[in-house]
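Descriptive structure summary
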Amino acid sequence: EPEVTQTPSHQVTQMGQEVILRCVPISNHLYFYWYRQILGQKVEFLVSFYNNEISEKSEIFDDQFSVERPDGSNFTLKIRSTKLEDSAMYFCASSPTEGLMGAKNIQYFGAGTRLSVL
Amino acid sequence: DQQVKQNSPSLSVQEGRISILNCDYTNSMFDYFLWYKKYPAEGPTFLISISSIKDKNEDGRFTVFLNKSAKHLSLHIVPSQPGDSAVYFCAASALGNQFYFGTGTSLTVIP
């Protein structure tokens, strides 16, 4: 069964360093997402991406964050200068094209990357 | 900003009995709802969905009920099995693709 894969599973970085989290969405999906979950808190939407541009982003997704689809398979989240409060699980998700009549599509999640900022 | 709330952080149920997980939301624009199941060290796995044009959707042992006037949805699992033990998240979206998640309910099914 196709799945979303994320690497690495755990990333440790020093505060102020840049970090890139990588995701390979399901191959025929066209919508891509990043979410994060701080320990003990809810899963929070960061950004959605379609047709090589951001379609929605949350207040969390500030100038320190960027996303990119550098080739036909990868989808990356970059944090330019990490802060302690960026420590969280980061989930990538993908979904097929949005259905007709505004019908929504299910988002399929990867296993996540645990980011630890020291 | 708690647009989606799951007020029960945990629930324990005997195997074979019904599990009922509840979710409340505040945004009347939400029109699509998903339930996800999450095991430790894994990402959320889609379980079942419902759109606002329906009040019930059933898939095997899983049924989701939507009460739009009360802004409430619930997931029923019957009969519950030990393998159902996981954290369950409800998620809701309005016109866009952004989903708002609840904080999750940890279900333990006791053999």
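Residues numbered from 1 in each chain as written. Chains lettered and ligands numbered in written order. Predicted model: local features only at pLDDT ≥ 70, side-chain atom pairs only at ≥ 80, totals over all residues. Heavy atoms only, no water.

1. A word on unusual backbone geometry
Backbone torsion omega between T7(A) and P8(A) reads -10 degrees, so that peptide bond is classified as cis. For the bond running from V78(B) to P79(B), omega is -10 degrees, close enough to zero to count as cis. When you line up the elements, P79(B) lands in the loop between strand 8 (72-77) and strand 9 (86-93). Even without a glycine there, the phi angle at N51(A) is positive, about 55 degrees. Residue placement: N51(A) occurs in the loop between strand 5 (43-50) and strand 6 (53-57). (Helix = DSSP H or I, 4+ residues; strand = E, 2+ residues; numbered from the N terminus.)

2. Digging into the sheet that holds strand 7 (residues 65-68) of chain A
Residue and element names in this part refer to chain A. Here four strands make up an open sheet; going across it, the order is 1-3-8-7 and the pairing antiparallel. Across the chains shown, the open sheet's two edge strands, defined by having one partner strand only, are strand 1 (5-7) and strand 7. Averaged over all pairs of adjacent strands, the angle between their axes in this sheet comes to 20 degrees, without regard to strand direction. Judged from the four bridges that link them, strand 7 and strand 8 (residues 75-79) form a sheet pairing that is antiparallel. From the neighbouring strand, V67 faces strand 8, where its bridge partner is L77. (Pairing = 2+ DSSP bridges. Axes fitted to C-alpha atoms, helices over the stretch in contact; angles between N-to-C directions.)

3. Some points on the nonpolar core
If you look at the biggest cluster of nonpolar residues, it comprises 24 residues, and the most contacted ones within it are F33(B), W35(B), L73(B), L75(B) and Y88(B). Secondary structure elements with two or more residues in this core: strand 3 (19-25), strand 4 (32-38), strand 5 (45-51), strand 7 (62-67), strand 8, strand 9 and strand 11 (105-110) of chain B. The element contributing the most residues to this core is strand 9 of chain B, with four residues. Setting aside chain neighbours within four positions, we find F33(B) in contact with Y25(B), I48(B), S49(B), I50(B), L66(B), L73(B), A91(B) and A92(B). Within the second largest apolar cluster, 22 residues are counted, among which are V4(A), W34(A), F65(A) and V117(A). (Core = buried A, V, L, I, M, F, W, Y, C linked by side-chain atoms within 4.5 Å. Buried < 20%, exposed > 50% of the residue type's maximum accessible area, 1.4 Å probe, protein only. Contact = heavy atoms within 4.5 Å.)

4. Concerning the environment of F61(A)
All names here are of chain A. With respect to the helices, strands and loops of the structure, F61 is situated in the loop between strand 6 and strand 7. Residue F61 is classed as buried on the basis of its relative accessible area, which comes to 6%. Beyond its immediate chain neighbours, meaning those up to four positions away, F61 contacts L46, V47, I54, S66, V67 and L77.

5. Re the environment of E1(A)
Following the sequence through the fold, E1(A) ends up in the segment before strand 1. Once the C-alpha coordinates of E1(A) and I26(A) are considered, the two residues, 25 residues apart in sequence, prove to be 9.8 Å apart.

6. Digging into the state of the cysteines
Linking two cysteines covalently via their sulfur atoms produces the bond known as a disulfide. Residue and element names in this part refer to chain A. By the definition in use, this model includes two disulfides over all chains. C23 shares a disulfide with C92; S-S distance 1.9 Å. What sets the handedness of the C23 and C92 disulfide is the S-S torsion sign, and at about -65 degrees it is left-handed. Remark: C92 occurs in strand 9 (residues 88-95) and C23 occurs in strand 3 (residues 19-24); sequence separation between them is 69 residues. Across the pair, exposure class does not vary: C23 and C92 are buried alike. (Disulfide = S-S within 2.5 Å.)

7. Quick word on the confidence of the model for chain A
On average, residues of chain A score 89 in pLDDT, and 92% of them are at 70 or above. Every residue in residues 99-103 of chain A scores below 50 in pLDDT, and together they form two contacts with partners more than four places removed in sequence or on other chains. (pLDDT = per-residue confidence, 0-100.)

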